[in-house]
Amino acid sequence: DGGITQSPKYLFRKEGQNVTLSCEQNLNHDAMYWYRQDPGQGLRLIYYSQIVNDFQKGDIAEGYSVSREKKESFPLTVTSAQKNPTAFYLCASSALTSTRTYEQYFGPGTRLTVT
Amino acid sequence: GQQLNQSPQSMFIQEGEDVSMNCTSSSIFNTWLWYKQDPGEGPVLLIALYKAGELTSNGRLTAQFGITRKDSFLNISASIPSDVGIYFCAGQELGGTSYGKLTFGQGTILTVHP
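This one's a predicted model, so the numbers in the text were calculated from it and none came from an experiment.

S.K.: Explanation requested: the interface of chain A and chain B in the structure shown.
M.R.: Interfaces are frequently sized by the accessible area removed from exposure as the parts join. Residue-level contacts link 26 residues of chain A with 24 residues of chain B. Carbon and sulfur atoms supply 54% of the area buried between chain A and chain B, which totals about 2,000 Å² over both sides. On the chain A side of the interface with chain B, the three residues burying the most area are Leu-43, Tyr-102 and Phe-106 of chain A, jointly 31% of the side's total. Counting every contact that joins chain A to chain B gives two salt bridges. For Asp-59 of chain A, the salt bridge goes to Lys-101 of chain B, with nearest N and O atoms at 3.8 Å. Here chain A and chain B share four residue pairs in polar contact (both at pLDDT 80 or more) between them.

What follows is the structure in structure tokens.
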């Protein structure tokens, strides 16, 4: 089945450690996105990529890094520089076609807890 | 970044009632989307709107792209318990610099009492 997978569903880390969240899609979408969601809040954009080997900072990129070496994959690293890393992280992708450019499809999310 | 003004923030309704929620923006949008998020899951796209004045239905859901291009609303008719969740509006600002990038509302938390 086509879709977006994120792994793991739950992730626990000690403060000061870097952690990488996985996002894979088999929808053949060009663009991929990372969002952060805190309890009771909306989605805030961390990074996005419209093409392989290129990515742009979103609204809250500090303390995060990404790579886009393959069209299907867009991993997010939460570094020790991120002051409040505990959150629900969502990956999304979109086709960037003329009619459906803005239809983003989301993965199931990864809940990261840092203690 | 800019955020949309989504209201109400939460709703508590009885099963069978109709629901209405809306999003407004101070700037013009050329696309409006509505998503639903179940607890602990990723948002699921419900309806996409691309033309001012457009009215689109998806089962018991109906959404409209406001004529001013600065607002959109979502109606749910005859609510059922599985409608529980968080509903988000999202849109692309006209003239926005980032192709494909969406702005999201804060969400409406819907609770349905049987």
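Let's pick the thread back up.
S.K.: What is the right way to read the pattern of salt bridges from this model?
M.R.: Once the charged atoms of two side chains with opposite charge are near each other, the side chains can pair. Scanning all chains against the criterion turns up seven salt bridges over all chains. Of the charged contacts, one joins Lys-9 of chain A and Glu-41 of chain B as a salt bridge, the two residues approaching to 3.9 Å between their closest N and O atoms. On the criterion of chain membership, the pair formed by Lys-9 of chain A in the loop between strand 1 (4-7) and strand 2 (10-13) and Glu-41 of chain B in the loop between strand 4 (29-37) and strand 5 (44-49) is interchain, its members lying in two chains. On the basis of relative accessible area, Lys-9 of chain A is assigned to the partly exposed category, the value being 27%. Judged by relative accessible area, which is 35%, Glu-41 of chain B ranks as partly exposed. Put simply, Asp-38 of chain B and Lys-36 of chain B hold a salt bridge, and the shortest N to O gap is 3.2 Å. Taking the relative accessible area as the measure of exposure, Asp-38 of chain B reaches 35% and is therefore partly exposed. Linked by salt bridges that have partners in common, Arg-36, Asp-38 and Arg-44 of chain A make up one network.

So, how was this worked out
- Residues numbered from 1 in each chain as written.
- Chains lettered and ligands numbered in written order.
- Predicted model: local features only at pLDDT ≥ 70, side-chain atom pairs only at ≥ 80, totals over all residues.
- Heavy atoms only, no water.
- Contact = heavy atoms within 4.5 Å.
- Buried area = accessible area lost by both parts, 1.4 Å probe.
- Salt bridge = Lys/Arg side-chain N within 4 Å of Asp/Glu carboxyl O.
- Polar contact = N/O pair within 3.5 Å; in protein donor to acceptor, adjacent residues only side chain to side chain.
- Helix = DSSP H or I, 4+ residues; strand = E, 2+ residues; numbered from the N terminus.
- Buried < 20%, exposed > 50% of the residue type's maximum accessible area, 1.4 Å probe, protein only.

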